[in-house]
Amino acid sequence: MPDRRQSLGANPVSIARLLRNSYEIDLGEVRAFLPGRVPLDDLPSLFQRYSTACAELPSRYSADRGGVRSWLAREFRRDEPKIRQALPRLSSAERDRLMTILSVLGHTYRWDCVPPSCDRFMERRISLPPGIAEPWSDLARICGQPRVGTMWSLHLCNWSMKDRLGGAAYGALDVTSDNTQVAHNWLAPPADRDLDRFSISFVLLEARGAAVLKHLVDTVDAIAGSNMEDLFLSLGQLHTAVKAVTTAFSLYVRKGTVDPAAWLHLVQPTFPWSAEADEPGRVEGGPSGIQMGTIQALDAALGVEGNSELAKMARTGRRYMPRPHRRFLELLDRAGPVISSYVRWCGCEELTAQFNECLGGLSSFRATHKARGAQYLRNQPDGDAVRASTGLTIGIDDNPIETFERTMAERAAETEAAKLT
């Protein structure tokens, strides 16, 4: 068989080597878009006041308990230079934990209470207490991320395991719905359960996504080695792994797990920022599904492009992800054309079908996401136009369900367009 690698515009051997190296280093011990160890339980004593304030949120944050703005303004009215000076000395795991805590405090202050008052939706610039704003801004610069809650800070680092301590080793398959829980929950019972299940669903999805990433890297390795047998195997395993992610999404995000009404009125409102953060004129969003590394990885490797609103948001959404994860995705951007070009060059119907089945699996995930998202949005009462989103910008006069479904359909069409013929 001729070496079909020579037909490619890029060097697959070089890309495969760089991708494998990034996979093993940038994705940590778990080889996923998750922390390399169980998130820490504690921080150095200097930062204990932030952890203590987080623990008090459930007793203060609901509207019938007065909200948190005035209380947080008193507690953190002064910026303490010694805290900011200590930030560069924190370990990576300590920075992640502190970023989660500051993001929780910042977002709850931004909205004051749940359900939020109408006045909160009109604000476009939030004056945080100096004791939160200054260390949060400094830490965001150190981490290379915007000063706002992200998928990484508010979901993927905000959990603990019942069977091991923070800082312990774990594997992706160890993360289950039974032994994983939110570390910093800002809602009081019974809504705390809905926040827990909603947030942990993203952790579980990225844990299941670990298999997707492995098979993507194996696929590029097989092409670099011009090994058709390994390529058939890795693409087949990739298709199975993508289906597993969709199945997990169906199980974790449903009415029996997260109550749609509780989600819309008590859980979802805290996650958007919908105001300027550090950059004047830039209205930040907050954690969103477009920041899910596994889906970004599939789009990059399978060549899903386009200029739909979701496609544009996905590209800008990378700035909210950790630097190492961005490096891995940038290499997958380079690997995507190599994969599709090699499959096309081979001219093998079975191989082309297998590649297209992987895209079909991604399409199925998007169809499920579209259906579930619309289901949760249907709990918006008639005439209740005040809302904020962590992803799509939905105006007061828009129909949120129609806007959401149209935008998701556009991205689904771009996914189908990536199939080879």
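Up top is the structure these notes are about.
Cut-off values and rules
Residues numbered from 1 in each chain as written. Predicted model: local features only at pLDDT ≥ 70, side-chain atom pairs only at ≥ 80, totals over all residues. Heavy atoms only, no water. 1 Å grid on protein atoms, 1.4 Å probe; cavity = no way out; pocket = protein on both sides within 12 Å on 5 of 7 lines; lining within 4 Å. Points joined across faces, edges and corners; volume = space filled by probe spheres on them. Helix = DSSP H or I, 4+ residues; strand = E, 2+ residues; numbered from the N terminus. Nonpolar A, V, L, I, M, F, W, Y, C, P; charged D, E, K, R; others polar. Core = buried A, V, L, I, M, F, W, Y, C linked by side-chain atoms within 4.5 Å. Buried < 20%, exposed > 50% of the residue type's maximum accessible area, 1.4 Å probe, protein only. Contact = heavy atoms within 4.5 Å. Polar contact = N/O pair within 3.5 Å; in protein donor to acceptor, adjacent residues only side chain to side chain. Salt bridge = Lys/Arg side-chain N within 4 Å of Asp/Glu carboxyl O. Disulfide = S-S within 2.5 Å. Phe/Tyr/Trp six-rings, centres within 6.5 Å; stacked < 30°, edge-to-face > 60°.

Peer 1: Please explain the layout of surface pockets as it appears in this structure.
Peer 2: A probe matching the size of a water molecule, rolled over the atoms, marks out where space remains unfilled. The computed volume of the second largest pocket comes to approximately 560 Å³. Taken together, 27 residues make up the lining of the second largest pocket; nearest its centre are S92, D96, W152, P322 and P324. Sorting the residues of the lining of the second largest pocket by element identifies α5 (92–111), α7 (130–143) and α14 (323–346) as the ones contributing at least two each. Among the elements that make up the lining of the second largest pocket, the one with the highest residue count is α5 (five residues). Its residues placed into classes, the lining of the second largest pocket shows 14 nonpolar, six polar and seven charged.

Peer 1: What's the story with the nonpolar core in this structure? I'm lost.
Peer 2: Nonpolar side chains in soluble globular proteins tend to end up buried together. Ranked by size, the top nonpolar core spans 124 residues in total, and within it F47, L105, L216, L238, F328 and L332 carry the most contacts. Looking at which element gives the most residues to this core, the answer is helix α9 (residues 191–224), with 18 residues. Not counting residues up to four positions away in its chain, the partners in contact with L238 are V212, H215, L216, L298, L302 and C358. If you look at the next biggest cluster of nonpolar residues, it comprises eight residues, including I290, L310, I401 and F404.

Peer 1: Honestly, unusual backbone geometry in this entry has me stumped. Any pointers?
Peer 2: Here the amide bond leading from V114 into P115 is cis, since omega sits at -10 degrees, within 30 degrees of zero. Here the amide bond leading from P189 into P190 is cis, since omega sits at 0 degrees, within 30 degrees of zero. Here P190 is to be found in the loop between β2 (180–182) and α9. For R31, which is not a glycine, the phi torsion comes out positive at approximately 55 degrees. Along the chain, the position of R31 falls in the loop between α1 (12–25) and α2 (48–56). With a phi angle near 75 degrees, D112 is a residue other than glycine that sits in the positive phi range. Mapped onto the secondary structure, D112 falls in the loop between α5 and α6 (118–122). For D112, a relative accessible area of 14% translates into the label buried.

Peer 1: Looking at this structure, how should I read the side chain of E414?
Peer 2: Tracing the sequence through the fold places E414 in helix α16 (residues 400–417). A distance of 2.8 Å separates the side chain of E414 from the side chain of S308, its partner in a polar contact. In this structure E414 touches V304, E305, G306, N307, S308 and A311, once residues within four positions along its chain are discounted.

Peer 1: How should empty space enclosed by the protein be read in this particular structure?
Peer 2: Tallied over the full model, the rule gives two cavities of 30 Å³ or more. F33, M151, W152, L156, Q291, G293, Y320, M321, P322 and H325 together form the lining of the largest cavity. With three residues, the single largest contributor to the lining of the largest cavity is helix α8 (residues 151–156). Of the residues belonging to the lining of the largest cavity, the class tally is seven nonpolar, three polar and no charged. One number sums up the size of the second largest cavity: a volume of about 30 Å³.

Peer 1: Looking at this structure, I do not really get the pattern of salt bridges. What am I missing?
Peer 2: A side chain with one charge can pair with a side chain of the opposite charge if their charged atoms come near. Applying the stated criterion to the full structure yields 23 salt bridges. The closest approach of N and O atoms between R164 and D163, which form a salt bridge, is 3.2 Å. Take R164: its relative accessible area is 24%, and that puts it in the partly exposed class. Residue D163 is classed as partly exposed on the basis of its relative accessible area of 47%. Across the salt bridge formed by D299 and R411, the nearest N and O atoms sit 3.2 Å from each other.

Peer 1: Please clarify how the side chain of H325 should be interpreted in this entry.
Peer 2: Residue position: H325 is located in helix α14. Setting aside residues no more than four positions away along its own chain, H325 makes contact with D26, L27, A32, F33, L34 and W152.

Peer 1: What should I look at first to understand the state of the cysteines in this one?
Peer 2: A covalent bond between the sulfur atoms of two cysteines is what we call a disulfide. Scanning all chains against the criterion turns up zero disulfides. Distance from the sulfur of C157, which forms no disulfide, to the nearest cysteine sulfur (C143) is 9.5 Å. Accessibility expressed as a relative area gives 6% for C157, which makes it buried. C348 provides the cysteine sulfur closest to C358, a residue in no disulfide bond, and the two sulfurs are 14 Å apart.

Peer 1: Which parts of the structure should I look at to understand the packing of aromatic side chains?
Peer 2: The geometry of an aromatic ring pair is captured by the separation of the ring centres together with the interplanar angle, meaning the angle of the planes. Enumeration over the complete set of coordinates arrives at eleven aromatic pairs. Ring geometry for Y23 against F328: centres 6.3 Å apart, planes inclined by 40 degrees, an arrangement best described as tilted. One end of the pair, Y23, is in helix α1; the other, F328, is in helix α14, with 305 residues separating them in the sequence. With respect to burial, Y23 and F328 carry one shared label: buried. Here the aromatic residues W186, F198, F202, W263 and F271 are joined through ring pairs into a cluster of three or more.

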